[in-house]
Amino acid sequence: MKKGVAMKKALSSLLILVVLLTANVVRAQELQCDVRVSSNKVQGSDKTIYQNLQTSLYEFLNNTKFTEINFRQAEKIECSMLVDVTSREGNYFSAEISLGLRRPVYKSSYTTQMFNYIDRKFYFEYTDGQSLDFNPTTYISNITSTIGFYVYLFLGLDFDSFSPMGGDPFFAIAETIANAAPQEAGNENGWNSTGRQNRYAIINDITNQTYQPLRQFLYDYHRQGLDVMAENPQQGREAILNAIIQLQSVYERNPLCYFLQLLIESKRDEIIQVFSQGEMKIRTEASNVMKTIDPSQSSRYDDMLQNKGM
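Starting afresh in each chain, residues are numbered from 1 along the sequence in its written order. Restriction of local features to residues with pLDDT of at least 70 applies here, the model being predicted, together with a cutoff of 80 or more for giving and counting side-chain atom pairs; totals for whole chains, interfaces and linings are based on all residues. Where side-chain values are given, they derive from all heavy atoms of the structure, hydrogens and water being excluded.

**Side note on the packing of helix α4 (residues 168-180) against helix α5 (residues 199-207)**
Angles shown run from 0 to 180 degrees and are taken between the N-to-C directions of axes, each axis being a line fitted to C-alpha atoms and, for helices, limited to the stretch in contact. Elements are defined by DSSP. Helices are runs of H or I of four residues or more, strands are runs of E of two residues or more, and each kind is numbered from the N terminus. Between α4 and α5, the least distance of the axes is 10 Å, while the angle of their chain directions is 140°. By the criterion of interaxial angle, the relationship of α4 to α5 is oblique. Pair α4 / α5 crosses with left-handed handedness. Contacts between α4 and α5 pair Phe171, Ala174, Glu175, Ala178 and Asn179 from the former with Tyr200, Ile203, Ile206 and Thr207 from the latter. Every angle not falling under 35 degrees, over 145, or within 65 to 115 is termed oblique; those three ranges are roughly parallel, roughly antiparallel and roughly perpendicular. For any helix crossing, the convention is left-handed if the near helix is rotated counterclockwise from the far helix by under a right angle, and right-handed if that rotation is clockwise. In this analysis, two residues are considered to be in contact whenever any of their non-hydrogen atoms come within 4.5 Å of each other.

**A word on the environment of Ile143**
On the secondary structure map, Ile143 appears in helix α3 (residues 142-160). A C-alpha to C-alpha distance of 8.0 Å links Ile143 and Leu132, two positions 11 residues apart in sequence.

**What about the pattern of salt bridges?**
Only one rule defines a salt bridge in this text: a Lys or Arg side-chain nitrogen within 4 Å of an Asp or Glu carboxyl oxygen. Summed over all chains, the structure comprises 15 salt bridges. Here Asp160 ties to Arg215 by a salt bridge, and the two come within 2.7 Å at their closest N and O atoms. Taken together, the positions of Asp160 in helix α3 and Arg215 in helix α6 (residues 213-229) put the pair 55 residues apart, joining distant regions of the chain. When accessible area is computed with a 1.4 Å probe and restricted to protein chains, residues below 20% of their type maximum are described as buried, those above 50% as exposed, and intermediate ones as partly exposed. For Asp160, a relative accessible area of 0% corresponds to the buried category. Residues participating in the shared-partner salt-bridge network are Arg103, Arg223 and Asp227.

**Considering the confidence of the model for the protein chain**
Per-residue confidence for the protein chain gives a mean pLDDT of 89; residues scoring 70 or more make up 89%. Long-range and interchain partners of residues 1-27, a stretch whose pLDDT sits below 50, account for 7 contacts in this model, where long-range means more than four residues apart. Residue-level confidence of the predictor is summarised by pLDDT, bounded by 0 at the bottom and 100 at the top.

**Things to note about the packing of aromatic side chains**
Two rings from Phe, Tyr or Trp (for Trp, the six-membered ring) form a pair when their centres sit within 6.5 Å of each other. Planes less than 30 degrees apart are called stacked, planes more than 60 degrees apart edge-to-face, and all others tilted. The tally for this structure, following the rule as stated, stands at 15 aromatic pairs. Note on Phe93 and Phe124: the rings are 5.1 Å apart at their centroids and 10° apart in plane angle, and the pair reads as stacked. Here Phe124 lies in strand β4 (residues 111-125) and Phe93 lies in strand β3 (residues 92-104), a separation of 31 residues in the sequence. Across this residue pair, the class does not change: Phe93 and Phe124 are buried. Seen in terms of ring centroids, Phe115 and Tyr117 are 5.7 Å apart; in terms of plane orientation they differ by 45°. Their pairing is tilted. Judged by its relative accessible area of 1%, Phe115 falls in the buried class. Tyr117 gets classed as buried once you look at its relative accessible area, which sits at 7%. The rings of Tyr50, Phe93, Phe122 and Phe124 are connected pair by pair, giving a single aromatic cluster. Geometrically, a lysine NZ or arginine CZ counts as sitting over a ring once it is within 6 Å of the ring centre and also within 35 degrees of the ring normal. When the ring centre of Tyr106 is taken as reference, the NZ or CZ atom of Arg223 above it lies at 5.9 Å.

In structure tokens, the structure reads:
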């Protein structure tokens, strides 16, 4: 009898251990990333290398543990990367990366687009079957430094949207990656500190204290605004209005701030949708703010006031 009880306890302990180990595996990685590599613009019939590159990138993004934080499956950060190869010379490739970061909205089936961007300066060397080695503090290859940079950018943006300045540690790593990348004089490779529309410019704007309202915007807009909309649309709109006023404060300091421009482009359609309904007073104020910081789209912000109802 005692032997049977001991056996049952041993089996029970073994089962718990298996469940815990399985849970750690399931929760380990941070990203749920859709990855594609397109070679439609490149001549040649050998597509195997592009298929293998896609598989390698998918495994790198979805199977690498980039932080010490355990994510449940439902907590994984949803994102996408499309690598569109534009030219190839041997093992050297030129490409563009279309990047998307999404975030679920509380008590809703709606998913908001947090970041939508095309990096047009992705140059890398890749040999078929190559291992994608990565170290955030050491430049190993442009392919892993560039992809790793965007991973930590995504992490920082996501965490900022759930707690004020919550993305600090991840933006710090992204900055480290940018600083470790080669600065090639006269060659705009996406890392040069002299460029104003590249990776270096993005992380420099994010970590610049002068532009800190941009990061407060991420929290106010998403956590205080969108996450409230399902239960209290008016309160949510008021919070989103206050958030876009944060953008205006940065615009008044520097209308050419690159990360500000990217936020506006990523959120424009959603802001129009949010303020196409609700109290006219709030909608009008939102329209005026957006016309100030996004003047080329003024007619669209006028159009969102056409619906007179609540």
